[in-house]
Amino acid sequence: SFIGEESVAAGEGSILTDNPTWIIDPIDGTTNFVHRSTFHFFYIEFGIVYSCVEDKMYTARKGKGAFCNGQKLQVSGQEDITKSLLVTELGSNRDPETIKIILSNMERLLSIPIHG
């Protein structure tokens with residue numbers, strides 16, 4: 001099965017089953033890409049992402065690790081949240097209740113003395 005981000009955004013339904021399914025998102029981080037953000041982060045459970053801007057191939061598989069051009073990626077090990085940079089995606093859902101939840105979460109995060 002194939003599910004495309006744009007077809008779902010256009011209102012097409014999709015059915016998830018236990019069968020193998022490719023979920024296609026041609027530009028992971030579309031908002032960052034459109035606004036030419038310097039943040040090129042990809043969050044993957046299983047997938048392949050080619051960053052044409054960086055000419056880098058990111059791959060990952062749950063339980064097997066994440067790689068960039070074949071080299072294993074490592075997390076920093078930093079456990080002190082005050083030394084962290086907060087990066088967020090607010091999503092596209094504008095339902096009033098969802099907005100309240102998102103803003104409440106953001107308020108709690110922004111009250112922590114983080115770098116930015």
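This is a predicted model, so every value here is computed, not measured. (Residues numbered from 1 in each chain as written. Predicted model: local features only at pLDDT ≥ 70, side-chain atom pairs only at ≥ 80, totals over all residues. Heavy atoms only, no water.)

## Some points on the overall build of the protein
Right, on to step 1. Helices and strands together make up the secondary structure of the protein, namely 3 helices and 6 strands.
Right, on to step 2. Traced from its N-terminal end to its C-terminal end, the protein shows the element sequence β-α-β-α-β-β-β-β-α.
Right, on to step 3. A buried classification covers 9% of the 116 residues belonging to the protein.
Right, on to step 4. A total accessible area of about 9,800 Å² is found for the protein, and carbon and sulfur atoms account for 57% of it. (Helix = DSSP H or I, 4+ residues; strand = E, 2+ residues; numbered from the N terminus. Buried < 20%, exposed > 50% of the residue type's maximum accessible area, 1.4 Å probe, protein only. Areas by Shrake-Rupley, 256 points an atom, 1.4 Å probe, with all protein chains shown as cover.)

## What about the sheet that holds strand β5 (residues 65-68)?
Right, on to step 1. Reading across from one edge, β3-β4-β5-β6 is the order of the 4 strands in this open sheet, with antiparallel pairing throughout. Whereas interior strands pair on both sides, the edge strands pair on one side only; in this sheet they are β3 (46-51) and β6 (71-72). (Pairing = 2+ DSSP bridges.)

## Looking at the environment of I112
Right, on to step 1. With respect to the helices and strands, the residue I112 is situated in the segment after α3 (96-110).
Right, on to step 2. The partly exposed category is assigned to I112, whose relative accessible area is 25%.
Right, on to step 3. In this structure the C-alpha to C-alpha distance between I112 and T82, which are 30 residues apart in sequence, comes to 7.0 Å.

## What to know about a nonpolar patch on the surface
Right, on to step 1. Judged by side-chain polarity, F2, W22 and I24 come together as a nonpolar surface patch covering roughly 370 Å² of accessible area.
Right, on to step 2. Considering the arrangement of structural elements, one finds W22 in strand β2 (residues 22-24). (Patch = residues over 30% accessible without salt bridge, like charges linked within 9 Å, V, L, I, M, F, W, Y side chains within 5 Å. Salt bridge = Lys/Arg side-chain N within 4 Å of Asp/Glu carboxyl O.)

## With respect to the UniProt feature "binding site: Mg(2+)" (unreviewed entry) in the protein
Right, on to step 1. Mapped onto this numbering, the UniProt entry annotates "binding site: Mg(2+)" (unreviewed entry) at E5, D25, I27 and D28.
Right, on to step 2. Relative to the assigned elements, D25 resides in the loop between β2 and α2 (30-34).
Right, on to step 3. For D25, a relative accessible area of 32% puts it in the partly exposed group. (UniProt positions renumbered as here; feature names shortened; annotations may be inferred.)

## Section: unusual backbone geometry
Right, on to step 1. Residues other than glycine seldom take positive phi values, yet D55 does so here, at roughly 55 degrees.
Right, on to step 2. Looking at the element boundaries, D55 is found in the loop between β3 and β4 (56-61).
Right, on to step 3. Located in the positive-phi region is N69, a residue other than glycine, with phi close to 50 degrees.
Right, on to step 4. When you line up the elements, N69 lands in the loop between β5 and β6.
Right, on to step 5. A residue is classified by how much of its surface remains accessible, and N69, at 46% relative accessible area, is partly exposed.

## Things to note about the pairing of β4
Right, on to step 1. Of the pairings in the sheet, the one linking β3 to β4 comprises 6 bridges and is antiparallel in character. Residue Y50 lies in a different strand from β4, and its bridge partner there is M57.
Right, on to step 2. In this antiparallel pair of consecutive strands, β3 and β4, the connection spans 4 residues, and D55 shows a positive phi of 55 degrees.
Right, on to step 3. Across 4 bridges, the pairing between β4 and β5 is antiparallel. By the bridge assignment, A60 is partnered in β5 with A66.
Right, on to step 4. With antiparallel pairing between neighbouring strands as the criterion, β4 and β5 make up a hairpin whose turn holds 3 residues, including G63 at a positive phi of roughly 80 degrees.

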